[in-house]
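Here is how the chains run, residue by residue.
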Amino acid sequence: MIDSHTHLESCAPDDADLVAAAAAEGVDRMLTVGTDGASCRAALAAAETFPQVYAAIGRHPNSASGFDDNDLAELEALAAHERCVAIGETGLDFYRDRTPPADQQRAFEAQIGLAQRSGKPLVIRTRATGEPTIATLRERAQGVRVILHCFSMPDHLDECVEQGWWFSFAGNVTYPSAQSLAEAAERVPEDRLLVETDAPYLSPQPVRKERNQPAFVVHTARFVAERRGVPYEELERTVERNAAELFGW
Ligand SMILES: [Zn+2]
C-alpha cells in the first residue's frame with residue numbers, strides 16, 4: 001500500500017516509528033510533503049534515511065506570505081534532489097484566511113512553472129477555492145501531471161476528470177457526513193486514483209479519535225475499495241501502480 005501525502009515532520013512519533021508502523025500494515029511507500037523551507041529540508045532528510053520515503057518540495061499556500069524569487073530559487077534547488085519526486089503542496093486556501101490571496105497565487109504560479117521545468121508532478125491543495133484553483137491550472141498547467149491532494153470537490157469531479165488529473169482521497173472520505181465525496185471516490189477512473197493520510201490531520205473514521213499517521217491509510221483504502229466494489233488487494237495494486245507511474249519510485 002502507499003500513502004501519497006503525509007507530513008512525517010508534523011506527526012508526533014519519530015519518523016522511524018512511523019515508518020515501522022506503516023510497514024507493519026503493508027504501507028511501504030510514502031510521499032512526505034514539505035510546506036516551507038525547513039519542512040522541505042526535513043522531508044529530504046527523511047527520504048535520505050528511509051528507502052520507503054520520498055519527498056515533495058513546495059510552499060504551502062498558508063506559508064506563502066511574501067513569496068519572491070529567492071523563495072523560488074530555494075525551492076528549485078531543493079527540488080533538484082534525487083529523492084524529490086513531486087512539487088508542492090501548492091494551490092489556494094482561503095479557508096484559514098491568513099495569507100493574502102495575491103501571495104498565494106504568486107507562489108502557486110511559480111510552482112506550476114517549477115513542475116513544468118522539472119517534469120515532476122504537482123501536488124495541489126485547494127480549500128474553499130475550487131473555482132480559482134481549477135481556472136489557474138487550466139490556464140497555466142498544460143503538460144503538468146496534477147494531483148488533487150485530499151480531493152474534496154465532488155461538485156467539480158467531472159471537469160477534473162476531463163482534465164486528466166489525479167485524485168487522492170484522504171480520511172475525510174470515510175466520514176459519514178461525506179456522502180457526495182464517497183460517491184466521487186466510486187467514480188474516479190481507475191488509472192487516476194490515489195489514497196493518502198495527510199497525517200497528522202484527518203484521521204479516518206475507524207481511528208478518528210487518534211492522531212493520524214501513515215499506517216492509517218489502510219482504513220481509507222479499505223473504505224474506498226468497498227465503495228468501488230473491489231477487493232482490498234485489487235485497490236492496493238491500482239494505487240501502487242498509479243503512484244509508481246507518477247512518482248517513479
Ligand atoms: Zn498536506
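Below, the structure is looked at part by part. Only a predicted model underlies this, so the values are computations on that prediction, with no experimental measurement involved. (Residues numbered from 1 in each chain as written. Predicted model: local features only at pLDDT ≥ 70, side-chain atom pairs only at ≥ 80, totals over all residues. Heavy atoms only, no water.)

**Here's the deal with the packing of helix H4 (residues 101-118) against helix H5 (residues 130-140)**
So, step 1. At their nearest, the axes of H4 and H5 sit 11 Å apart, and the two run at 35 degrees to each other. The two elements H4 and H5 meet at a crossing, and its hand is right-handed. For the pair H4 and H5, the contacting residues are Gln105, Phe108, Glu109, Ile112 and Gln116 in the first and Thr133, Thr136, Leu137 and Arg140 in the second.
So, step 2. Its residues assigned to classes, the contact of H4 with H5 comprises three nonpolar, four polar and two charged. (Axes fitted to C-alpha atoms, helices over the stretch in contact; angles between N-to-C directions. Helix = DSSP H or I, 4+ residues; strand = E, 2+ residues; numbered from the N terminus. Left-handed = near helix turned anticlockwise from the far one by under 90°. Contact = heavy atoms within 4.5 Å. Nonpolar A, V, L, I, M, F, W, Y, C, P; charged D, E, K, R; others polar.)

**Quick look at the environment of histidine 149**
So, step 1. Within the element layout of this structure, histidine 149 appears in the loop between strand S6 (146-148) and helix H6 (157-162).
So, step 2. Overall, histidine 149 belongs to the buried group, its relative accessible area being 4%.
So, step 3. Sequence separation between histidine 149 and aspartate 198 is 49 residues; the distance between their C-alpha atoms is 8.5 Å.
So, step 4. Histidine 149 has contacts with His5, Glu89, Val123, Ile124, Arg125, Ser168, Glu196 and Asp198, leaving out every residue within four places of it along the chain.
So, step 5. Separated by 2.8 Å, the side chains of histidine 149 and glutamate 196 make a polar contact. (Buried < 20%, exposed > 50% of the residue type's maximum accessible area, 1.4 Å probe, protein only. Polar contact = N/O pair within 3.5 Å; in protein donor to acceptor, adjacent residues only side chain to side chain.)

**So, the coordination of the zinc ion**
So, step 1. At the metal site, the zinc ion is ligated by His5 (NE2), His7 (NE2), Glu89 (OE) and Asp198 (OD), and these contacts range over 2.0 to 2.7 Å.
So, step 2. Around the zinc ion sit four donor atoms; with metal-centred angles ranging over 87 to 170 degrees, the donor geometry is irregular.
So, step 3. Here the donor residues of the zinc ion share one chain and are spaced in sequence as H-x1-H-x81-E-x108-D. Here the residue histidine 7 occupies a position in the loop between strand S1 (2-6) and helix H1 (15-24), and glutamate 89 occupies one in strand S4 (residues 84-93), the gap between them amounting to 82 residues.
So, step 4. Taking relative accessible area as the criterion, histidine 7 reaches 6% and is therefore assigned buried. (Donors = N, O, S within 2.8 Å, 3.2 Å for Na, K, Ca; no water. Tetrahedral: all angles 85-135°; square planar, octahedral: opposite > 155°, others 65-115°.)

**Points about the sheet that holds strand S7 (residues 166-169)**
So, step 1. The eight strands are arranged S1-S2-S3-S4-S5-S6-S7-S8 in an open sheet whose pairing can be described as parallel. For this open sheet the edge positions go to S1 and strand S8 (193-195), each flanked by a neighbour on one side alone. Each neighbouring strand pair of the sheet contributes to a mean axis angle of 30 degrees, computed without reference to strand direction.
So, step 2. For strand S5 (residues 122-127) and S6, the ladder comprises three bridges, and the chain directions are parallel. (Pairing = 2+ DSSP bridges.)

**Remarks on H1**
So, step 1. Among the residues of H1, those classed as buried are Leu18, Val19 and Ala22. Projection of H1 onto a plane perpendicular to its axis shows the buried side chains occupying an angular sector of 95 degrees, all on one side.
So, step 2. Contacts made by the buried residues of H1 are with strand S2 (29-33) and strand S3 (53-57).
So, step 3. Count one or two residues on from H1 and you reach glycine 26, which has phi positive near 85 degrees. (Arc of directions from axis to C-beta.)

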